[in-house]
Amino acid sequence: VIIMLALIPRVKFALKLLIVAYFIFIGGFLVSSGTFDCLEGTFKWSSWLKGFLAIHFFICLWSLFYTEAWEELIYASVGARWFFKKGKVDRPILKSLKTASTYHTGSVAFGSFLITVLTIIRIIINYYLKKARRFRDNKALKFLTCCLNCCLKYFDRLLRFINKSAYIQIAMHGKSFCTSAKNAAMLLLRNVLRVVALNVVTEVFMFLGKVYVALTAMAIAAGISLLSGCDCASNIADSFTSNTTSAINATSTCFTCVAGSYQNTSLLLLIFTFILGYYIAGNFFDIYDIQTDTLFQCYCEDSEGAKMDADEHKGREGFGKLIEGEKVNIEKLHRDGF
């Protein structure tokens, strides 16, 4: 299951590459369909062609957000199946993939549509603000621009949080997007203190984890770059077979060689490795993020249901005690997991 979970970000990345390739290919064809003005050196497009370009950009952007929402729903469905299923879960990834790709495509499309519309609005506003160059020295306009961008970015984060919570409710109950979003909002409001604490801990943990992975990748790249410029590794191996003095001399010579090649190490390569490692780690840490939120909502709803019905918990045995900080049999949770 862990291997299959690790494959989903790669599938999403491949789908995004296909969408970007389609956008570039079809977009280039549409752009070249205009009339080229030799005097001005620009293309001129008709109103119909401009409309097709706008629709093409909107659909491709919508498709990118759809793949992200589809991935979140799969992860949420896996977590919900594990929590409410007694014992070991049979083929959770395949079942979640089937559920997300057949029964809830409309909900995924609607949630990603909202994100796309908000993103388009942000792009349009920023475009016209940058075109107003004659007001660039106006401090009042700069202040209003900053406030507007902050509000739009905050609203974008809020909408993404609501969408993720709605997908979790969809995975739990299979209801429509609007109903799931309302139920998720009411559930989180009833447990607002827990939500704040969970989000703070999760954000800190994910940030430190991504930085650790990126720094490790950068250190490995730096080590490979340093050793590739030094040819004394074979000399060290040969010296250990002879005597200790020659081994020490060969080792000190190697350190001198590495110190000399340190100056030739490209800083740009290390920065690129850090950024790439941080991005790849972020894709995999997203799995932990969505699973944490899913299990949290499952636990809150299971606890509230048990209190209302005066009945025992229907969720995973021992998980509630783990959340409350009580001692549990961790090995039993692992055995009952997938």
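The structure presented is a predicted model; accordingly, all values stated were derived computationally and were not measured.

### A closer look at helix α3 (residues 92-102)
- All of the buried residues in α3 are Pro92, Ile93, Ser96, Thr99 and Ala100. Buried residues in α3, looked at end-on, bunch into an arc of 130 degrees, giving them a common side.

### Observations concerning the side chain of Thr273
- One can find Thr273 in helix α10 (residues 267-309).
- Once you skip the residues sitting within four places of it in the chain, Thr273 turns out to touch Ala217, Met218 and Ala221.

### Structural notes on the packing of aromatic side chains
- Taken as a whole and assessed by the stated rule, the structure comprises nine aromatic pairs.
- Feature note: the residues Phe58, Trp62 and Phe113 constitute an aromatic cluster, connected by ring pairs.

### Points about the nonpolar core
- If you look at the biggest cluster of nonpolar residues, it comprises 32 residues, and the most contacted ones within it are Leu73, Phe83, Tyr167 and Phe296.
- Sorting the residues of this core by element identifies α2 (47-84), α3, α5 (139-173), α6 (177-190), α7 (192-228) and α10 as the ones contributing at least two each.
- With 10 residues, the top contributor of residues to this core is α2.
- Setting aside anything within four residues of it in sequence, one finds Leu73 in contact with Ala100, His104, Val108, Tyr167, Ile170 and Ala171.
- Phe65, Ile115, Leu118 and Leu152 belong to the second largest nonpolar core, which has seven residues in total.

Here is what the cut-offs are and how they apply
- Residues numbered from 1 in each chain as written.
- Predicted model: local features only at pLDDT ≥ 70, side-chain atom pairs only at ≥ 80, totals over all residues.
- Heavy atoms only, no water.
- Buried < 20%, exposed > 50% of the residue type's maximum accessible area, 1.4 Å probe, protein only.
- Helix = DSSP H or I, 4+ residues; strand = E, 2+ residues; numbered from the N terminus.
- Arc of directions from axis to C-beta.
- Contact = heavy atoms within 4.5 Å.
- Phe/Tyr/Trp six-rings, centres within 6.5 Å; stacked < 30°, edge-to-face > 60°.
- Core = buried A, V, L, I, M, F, W, Y, C linked by side-chain atoms within 4.5 Å.

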